[in-house]
Every structure is written in structure tokens, then in C-alpha cells.
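# Examination of the molecular architecture
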Amino acid sequence: MSQWEVVIGLETHVQLQTKSKIFSGASTAFGAEPNRQACAVDIALPGVLPVLNREAVVCAIKFGLAVDGDIASRSIFARKNYFYPDLPKGYQISQYEIPVVAGGGLDIKVSRGDTPTDKRVRLTRAHLEEDAGKSLHEDFHGKTGIDLNRAGTPLLEIVTEPDMGSSAEAVAYAKALHSLVTWIGICDGNMQEGSFRCDANVSVRRPGAPLGTRREIKNLNSFRFLQQAIDYEIGWQINEIEEGRKIHQATVLFDPDTGATRAMRSKEDAHDYRYFPDPDLLPLEITPAWIDEVKAGLPELPQAMQARFEAEYGLSAYDAAVITTQRAAGDFFQLAVSVAGAENAKLIANWMQGELSARLNREERDIADSPISAVQLAGMVRRIADGTLSSKLAKEVFDALWNLEAADADAVIEARGLKQMSDASAIEPIIDEVLAANPKSIEEFRAGKEKAFNALVGQVMKATKGKANPQQVNDLLRRKLAG
Amino acid sequence: MSLNPEEVRRIAQLARLELSPQETGRIGDQLNGILTFVEQLQAVDTAGVTPMAHAIDVVQRLRTDVATEPDRRDAFQAIAPETGGGLYLVPKVIE
């Protein structure tokens, strides 16, 4: 089979978490009845004027700082002209020549063979714009219904360079971006509600050849669809070229039911948007002082936190990366470590990635609403570290805390008598009893069967209802059998 | 620079304006008059002048992020050609 190189660029529409719209004072709360949150500006009544929401600009500055982009001291709003019923003005207010953020980049992990390596996806720009309304095509007796609640919702459109070479890289970038915008608190990240939507520009070429003609897949609102749509599109384009046909630039839609992409019916002039500066809006000025003020309020960023967890707490790069994929997880870990002590950091990381993560996944819960708090987990880990709890007993404590049966690990230990037996004078008589009752096992052990030893350990653990310190039982038992 | 009738028709199409052949001629002449005026402006030497989006040197005023607009759907929909279920109804749009 001949070799093809895939080139992908993404444009992501991130809905900004503001209370009101970007150019009007209408609410942006999700789920209102149709058109209850569409004011005179949003529905474009004559004589209205847009007034820019300061918080939307703050979100853009935060993003620019987080991706190390250039924040424009002056940026311009432009009108993007097209006709569609859910865009009542006949133009969308966006930014064109001078966007609020230019450049910057995002690091992703990619697999080359077996070894994961870092790759930087460069960003072209990020610009502020308003969302359109929604068109509903069903059930209106042959009419289209228009809901303008979403019209005027602030968006940050984030555009990458064509730096991704596979659907897996595109998904890795989209996940990294999703994690970042939720981390810095500019987007709620809810993909079902459309708060984070991706368009993928896909083309293929022979290695070293000029860029192929691209097709743009619109409106992908899940990571799975993003992957499926790109994979389908790559296969389709390669097949077209190999069968001697040409790729024509087009906008395509992905149908999740069939797993296929198909070109939208569109007029050739659909992309002639005739951008021009919006005379209703003056240049947006962002002073260095304002940038500094926003910077001061920015949380520690995921990569910085990851590096710190490795350096301060000795976590492996892998553990630190997993724990900092979500800000809530990073904060959880930080709080737990501050309570349990840095020496228990690794143990906390293990419990977070083991039992806690498994339970959260099983119940489809987010760490932000984990029934076990960071402080509770820290308390439990301290009791493991000081020998009070074996890992088996700790699981029982974990269960009790998860089911909200007690306020902390010590209360569970107290109420259930779960304290690990680490007192040799208490364990020894039990070992003696077990040995007296199992002469056959002793013989087998002396004949060289290690299995028989394990059986004896098992008997002691059973006799202590699992509370004996297993390591201590091992040591004591060996000493007795040797003696 | 001047526009030919084909370009005038395309601009009209983009603006969703229907022009008769006579109108196309008349409007073409008017547009070309404007372009001639722009050509005169372009004769000015603007080397070293930063392009500006607005004629006045003022920056955008910003609004505090507070939801202030009341729900006025009923008043707005009273003047709409057709509504139903809270929606504005328009002729069927495909895609």
C-alpha cells in the first residue's frame, strides 16, 4: 500500500462562562424556554447597539496567558456577513484582521511507536465572537423554528496551525485544550450542551508533497465523533485520490449514525463573508496593567503543577500527568498531601489512581463531587503509613467512607475494631495455636514446600480476621519454624 | 477600477437583492462612481500611517458582566410574522 501523510488543523468554539451575553445584558443560563433570554440586541431590533462584556475579554486574556500567546494591545471587531434565519442581524460580530490573541501553543503527548513523546501544537490565533441562535427543523408544520437564546453567547474561537498528523493527535490536542479551558475556568466544558465544539480541517498528501486540498468537518461535539469523523474522512480522501479523482474544498458534516461524512449542499459564494470593521464597536484596548491583574488571578497551570508534583513530591512523570489532567484532581491531591504530609504523597497518588478512580468511573462521578474528601483520604493514608491499617483493612475503611458511614478513617477503625494487630505478644499465641493444629503443613514445609508456608500464613490471618500485620506474621512464623 | 455587470449581479446576490437589467446598469454606474471617489482618496500618501478601523481615536467601553435584561418575549413576538411554541417560525431551511 502506498504511503500517505495526514494533515489536520482544528478550530474550536469554546463557550465562555459569563453570566450575560457578549454584547447585551441578556442571561446566558442554559436550558431556558425558547427566546426568554433573547433581548432586543440579540434579536437585532433596529436602533440597538452592542456593548462589550468585560468578563468575556478577561476570559480571552486568561487563555492568551495560559497558551503563551501574544495578547493584542488593540484588537478590532469585524462583521462577518451571511444570511441565515438564526442570525437575525445578517452578520456575526467576530474578529478578523486583528484577533485578541495571536500565536501560542499547546503541548500534547503523542505515541511514536511505543514511546510517548511531547509535541507542541502551534496556535494561529484565538478571537472573540458571538454565537448564533438555533434552528429547529422538526415538528413545525413545514416551518423552521428559531430559538435565539444562544444568539450573542460569547465564544472564543481557537485556531491551530495544521500541526496534527492523525486522528489520535487531533483528539489528544482537543482533550488538552478542553482540560486547559476548564482548568482556567473560562468554559464549563460541557460538550453535550455545546460548550466545546470542534471543526476539523483534514487533507492528505504524499510525504514531501505540497499540502492537499482540505475539507472541513463541522461541529463535532464529542472526542469519539472527532476521531471517527477524521478517520472516515482520511480513508475517503485517500480512496478518491487513488481512484484518480480530485478532492474539492468543501464543508462536510459527520453523521454519527452511519459513521460517514458528507458534503453540505452549499452555494459557491457561501464563503464570501465580506468582513469589515464593525462601526458599532470601537477598538478593544488591553493594557499591560490589565494583563498583569488577570495574570495574578490565574491558577497554577497544569504543566507547572505537574512539574512541581514531580519535583516536590517525587511523583513519576506518569502519575503527575494523570493527576493534573483535571484541576479538581490536582487540587484534591494537593489538599490530601498537605494534610497527610509529603512523605505520603506517593501513597495518596496510588489511592487516587487506584480505588478512588475506579469507584468514580464505575459510578460515573467526577472527582469534584467525590463522596470521599481529600482530607478523609489523607486521614486514611496516615493510618496506613503508621501501620494501623493493612491495605486490606484500608479498603474496608475506604468503603465505609465512600458510603458516608463515618466522618473520618479513625471513626471507622474505632467503630469496627479494624486496628491492625502489630503486637507480637498478641500474634504469637495465635501462631502457636495454628501450628499445633496443622502438623501436616509443618512437615510439608520442612520437606521444602513453600506452598505449605503460605497456607499457614493464611490460617493465621483467618484466625485474626485479617487484622494481623501480614509482614509480621511472615517474620514470626519463619522464626518459629526455623527454631 | 470599475465593476462589470456580472460583478454587480454577484454583489446583489450576496446582499439578497433582486435587480432588473435596467437596475443592474443604473446601480453599476452608481457603484463605479463611488469607486472613482475611493480612487481619489487612494491618491493620498499614507506611508507610515497605521491603518485605523475607526475615524475617532477612542477605545471600546466595557460593560460589567451582569444579566440585566428582563424577559420581553411576548412583546417581541407580538410583532413577529409567525411564532409557535415560543419560537420564531420561518420558511423551512434545509441544512
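Predicted model only: the values in this text are computed from it and were never measured.

## Let's talk about the packing of helix α8 (residues 345-362) of chain A against helix α9 (residues 374-385) of chain A
Residues and elements named next belong to chain A. Relative to each other, α8 and α9 sit at 120 degrees, their axes nearing to 10 Å. Regarding the angle of α8 to α9, the classification is oblique. As for the relative orientation of α8 and α9, their crossing is right-handed in sense. Across from Leu347, Ile348, Trp351 and Met352 in α8, the residues of α9 making contact are Leu377, Met380, Val381 and Ile384.

## Quick word on the interface of chain B and chain A
Counting residues at the interface gives 38 residues for chain B and 57 residues for chain A. Of the roughly 4,200 Å² buried between chain B and chain A, counting both surfaces, carbon and sulfur atoms make up 56%. Across the chain B-chain A interface, the total number found is five salt bridges. A salt bridge links Glu33 of chain A to Arg73 of chain B, with the nearest nitrogen and oxygen atoms 3.8 Å apart. Linking chain B with chain A are 26 residue pairs in polar contact (both at pLDDT 80 or more), by the criterion used here. If one sorts the elements of the side of chain B that touches chain A by residue count, strand β3 (residues 87-91) of chain B sits on top with five residues. Sheet analysis places strand β11 (residues 143-147) of chain A next to β3 of chain B, joined by four bridges and oriented antiparallel. When the bridges of β3 of chain B are listed, Ile146 of chain A appears paired with Tyr88 of chain B.

## Some words on the sheet that holds strand β5 (residues 77-81) of chain A
Paired through backbone hydrogen bonds, the strands of a sheet run either parallel or antiparallel to each other. Strand order in the open sheet formed by three strands is β6-β5-β17 (chain A), and the pairing between neighbours is antiparallel. What marks the edges here is a single partner per strand, and that holds for β6 (91-95) and β17 (276-277) of chain A.

## Structural notes on the sheet that holds strand β10 (residues 134-136) of chain A
The four strands lie next to each other as β10(A)-β11(A)-β3(B)-β2(B), forming an open sheet whose pairing is antiparallel. Edge positions in the open sheet fall to β10 of chain A together with β2 (83-84) of chain B, since each of these has one partner strand only. In this sheet, β3 of chain B lies alongside β2 of chain B in antiparallel orientation, the contact comprising two bridges. The partner of Thr83 of chain B across the bridge, within β3 of chain B, is Tyr88 of chain B.

## Considering unusual backbone geometry
Its identity as a non-glycine residue notwithstanding, Glu364 of chain A has a phi of 50 degrees, on the positive side. Unusually for a residue other than glycine, Arg16 of chain B sits at a positive phi of about 55 degrees. Turning to its location among the elements, Arg16 of chain B is positioned in the loop between α1 (5-14) and α2 (21-42). Using a relative accessible area of 46% as the deciding quantity, one classes Arg16 of chain B as partly exposed.

## Some words on the confidence of the model for chain B
Summary statistics for chain B give a mean pLDDT of 91 and a share of 99% for residues scoring 70 or more. At the level of chain-chain contacts, confidence expressed as ipTM amounts to 0.91, with global pTM at 0.83.

## Quick look at helix α2 (residues 167-183) of chain A
Residues and elements named next belong to chain A. Taking 1.5 Å as the rise per residue, α2 with 17 residues should run 24 Å; its terminal C-alpha atoms sit 24 Å apart, in good agreement. In terms of burial, α2 is a largely internal element, 13 of the 17 residues being buried. Looking one or two places after α2, you find Gly185, whose phi comes out positive at around 75 degrees.

## Examining the pairing of strand β1 (residues 5-15) of chain A
Residue and element names in this part refer to chain A. Across the eleven residues of β1, ten count as buried, placing the element largely inside the fold. In this structure, β1 lies alongside strand β13 (residues 196-205), joined through ten bridges in antiparallel fashion. Opposite Val7, over in β13, you have Ser203 as the bridge partner.

## A short note on the pattern of salt bridges
In this structure the tally under the stated criterion is 35 salt bridges over all chains. In this structure, the salt-bridge partner of Glu300 of chain A is Arg308 of chain A, at a minimum N-O distance of 2.8 Å. Among the salt bridges present, the one from Glu450 of chain A reaches Arg478 of chain A, with a minimum N-O distance of 2.7 Å. Placement of Glu450 of chain A in helix α14 (residues 450-463) and of Arg478 of chain A in helix α15 (residues 470-482) is noted, with a sequence separation of 28 residues between them. Residue Glu450 of chain A is classed as partly exposed on the basis of its relative accessible area, which comes to 39%. Counted as one network, the salt bridges with shared partners bring together Glu33 and Arg36 of chain A together with Asp71 and Arg73 of chain B.

The rules we used
Residues numbered from 1 in each chain as written. Chains lettered and ligands numbered in written order. Predicted model: local features only at pLDDT ≥ 70, side-chain atom pairs only at ≥ 80, totals over all residues. Heavy atoms only, no water. Axes fitted to C-alpha atoms, helices over the stretch in contact; angles between N-to-C directions. Helix = DSSP H or I, 4+ residues; strand = E, 2+ residues; numbered from the N terminus. Parallel < 35°, antiparallel > 145°, perpendicular 65-115°, else oblique. Left-handed = near helix turned anticlockwise from the far one by under 90°. Contact = heavy atoms within 4.5 Å. Buried area = accessible area lost by both parts, 1.4 Å probe. Salt bridge = Lys/Arg side-chain N within 4 Å of Asp/Glu carboxyl O. Polar contact = N/O pair within 3.5 Å; in protein donor to acceptor, adjacent residues only side chain to side chain. Pairing = 2+ DSSP bridges. Buried < 20%, exposed > 50% of the residue type's maximum accessible area, 1.4 Å probe, protein only. pLDDT = per-residue confidence, 0-100. Expected span 1.5 Å × (residues − 1).

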